[in-house]
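This is what each chain is made of:
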Amino acid sequence: TVVVAAVSFFVYRYMAKRGSPAQQEVKKAWKGVVPGQSSVNELYRKAGTPVSSSQGSSGTTFSYPTKNKYWTSDVSVFQDKVAFVRERIFAPAEISLKKRLEETGKNWTKIYGPDSQYGSFLFAYPALGTAYYADEVHDVVYEIWHFPPTTIPGLLALPQAQGFSAVFQPRPD
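Residues numbered from 1 in each chain as written. Predicted model: local features only at pLDDT ≥ 70, side-chain atom pairs only at ≥ 80, totals over all residues. Heavy atoms only, no water.

## Observations concerning the overall build of the chain
Link 1 in the chain: A count of helical and extended segments in the chain gives five helices and eight strands.
Link 2 in the chain: Going residue by residue from the N terminus, the α and β elements of the chain occur as α-α-α-β-β-β-β-α-β-β-β-β-α.
Link 3 in the chain: By the burial criterion, 39% of the 173 residues in the chain qualify as buried.
Link 4 in the chain: In the chain, once contacts between residues fewer than 6 apart in sequence are set aside, the share between residues at least 24 apart is 42%. (Helix = DSSP H or I, 4+ residues; strand = E, 2+ residues; numbered from the N terminus. Buried < 20%, exposed > 50% of the residue type's maximum accessible area, 1.4 Å probe, protein only. Contact = heavy atoms within 4.5 Å.)

## What to know about the pattern of salt bridges
When the charged atoms of two side chains with opposite charge come close together, those side chains can pair.
Link 1 in the chain: Counted by the stated rule, this structure contains five salt bridges.
Link 2 in the chain: Between E143 and R86 there is a salt bridge, with its nearest N and O atoms 3.1 Å apart. One end of the pair, E143, is in strand β8 (residues 140–146); the other, R86, is in strand β4 (residues 81–88), with 57 residues separating them in the sequence. Here E143 matches R86 in class, with each residue buried.
Link 3 in the chain: E143 is paired through a salt bridge with R88; the nearest N and O atoms lie 3.3 Å apart. (Salt bridge = Lys/Arg side-chain N within 4 Å of Asp/Glu carboxyl O.)

## Examining unusual backbone geometry
Link 1 in the chain: We note that K31 has phi near 55 degrees; this positive angle belongs to a residue other than glycine.
Link 2 in the chain: Within the chain, D139 stands out as a residue other than glycine whose phi angle is a positive 60 degrees.

## Some remarks on the sheet that holds β8
For sheets, the rule is that strands pair by backbone hydrogen bonds, running either parallel or antiparallel.
Link 1 in the chain: If you walk across this open sheet you meet the eight strands as β1-β2-β3-β4-β8-β7-β6-β5, and the pairing is antiparallel. Each end of this open sheet is capped by a strand with a single partner; those strands are β1 (52–56) and β5 (109–112). Across this sheet, the average inter-strand angle for adjacent strands is 20 degrees, counted without regard to direction.
Link 2 in the chain: For strand β2 (residues 59–65) and strand β3 (residues 72–78), the ladder comprises six bridges, and the chain directions are antiparallel. Its bridge partner lying in β3, S63 is registered against D74.
Link 3 in the chain: Against the sheet, helix α3 (residues 40–47) touches β2, β3 and β4, its axis set at about 5 degrees to β2.
Link 4 in the chain: The strands touched by helix α4 (residues 97–104) are β6 (120–125), β7 (130–135) and β8; relative to β7, the strand with the most contacts, the crossing angle is about 160 degrees. (Pairing = 2+ DSSP bridges. Axes fitted to C-alpha atoms, helices over the stretch in contact; angles between N-to-C directions.)

## Looking at the environment of L156
Link 1 in the chain: Its location among the elements puts L156 in helix α5 (residues 152–156).
Link 2 in the chain: Between the C-alpha atoms of L156 and A166, which are ten residues apart in sequence, the distance is 8.2 Å.
Link 3 in the chain: The contacts of L156, once residues within four sequence positions are left out, are I111, A161, F164, S165 and A166.

## Topic: the nonpolar core
Link 1 in the chain: F84, I111, L122, A124, A131, Y133, W145, F147, L155, L158, A161 and F164 together form the largest nonpolar core, which totals twelve residues.
Link 2 in the chain: Among the secondary structure elements, those contributing two or more residues to this core are β6 and β7.
Link 3 in the chain: For F147, the contacting residues outside a window of four places in its chain are P35, A83, F84, Y125, P126, G129, T130, A131, L155 and L158. (Core = buried A, V, L, I, M, F, W, Y, C linked by side-chain atoms within 4.5 Å.)

## Looking at the packing of aromatic side chains
Link 1 in the chain: Taken as a whole and judged by the stated rule, the model has ten aromatic pairs.
Link 2 in the chain: When the centroid spacing of 6.3 Å and the interplanar angle of 75 degrees are considered together, the rings of F121 and F123 count as edge-to-face.
Link 3 in the chain: Exposure remark for F121: the relative accessible area of 10% places this residue in the buried category.
Link 4 in the chain: An angle of 75 degrees between the planes, with centres 5.3 Å apart, marks the rings of W145 and F164 as edge-to-face. Here F164 lies in the segment after α5 and W145 lies in strand β8, a separation of 19 residues in the sequence.
Link 5 in the chain: Overall, W145 belongs to the buried group, its relative accessible area being 0%.
Link 6 in the chain: A residue is classified by how much of its surface remains accessible, and F164, at 13% relative accessible area, is buried. (Phe/Tyr/Trp six-rings, centres within 6.5 Å; stacked < 30°, edge-to-face > 60°.)

What follows is the structure, given as structure tokens:
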């Protein structure tokens, strides 16, 4: 019985730390909005009324206020479904890149973008539908990208990932 109790305790601690599947699902959602699943009505119900919207070739983008008055978090919608969320972060002391990577797991892929030569990269978990746009040297996360689970090529095919690559390509400045 001592062994059973010990095993039960460790399983309980592991599940509590890991979270239930429902808790994990919420972690990759923004304000309860899940790309690939949430409708525009659900977006309005959970995130409220956007401060602005714009129409583009890949759908409509709704902009929501953040803690910084100069930046918004942007939600892209295509055919009445949320397709992508760019959540802008402004609390670097609370949300370090190292901490995020530890919490999310080791299976990330470094994606290179327009600012990679200056230390900013996209740390992507395509199968989870999450990526962190961050400054690796300063341990700061600037944005969290939320998208339907996909592959690296699928992520790089998103309109929001234009200019990003799995291979470092320095800009000819």
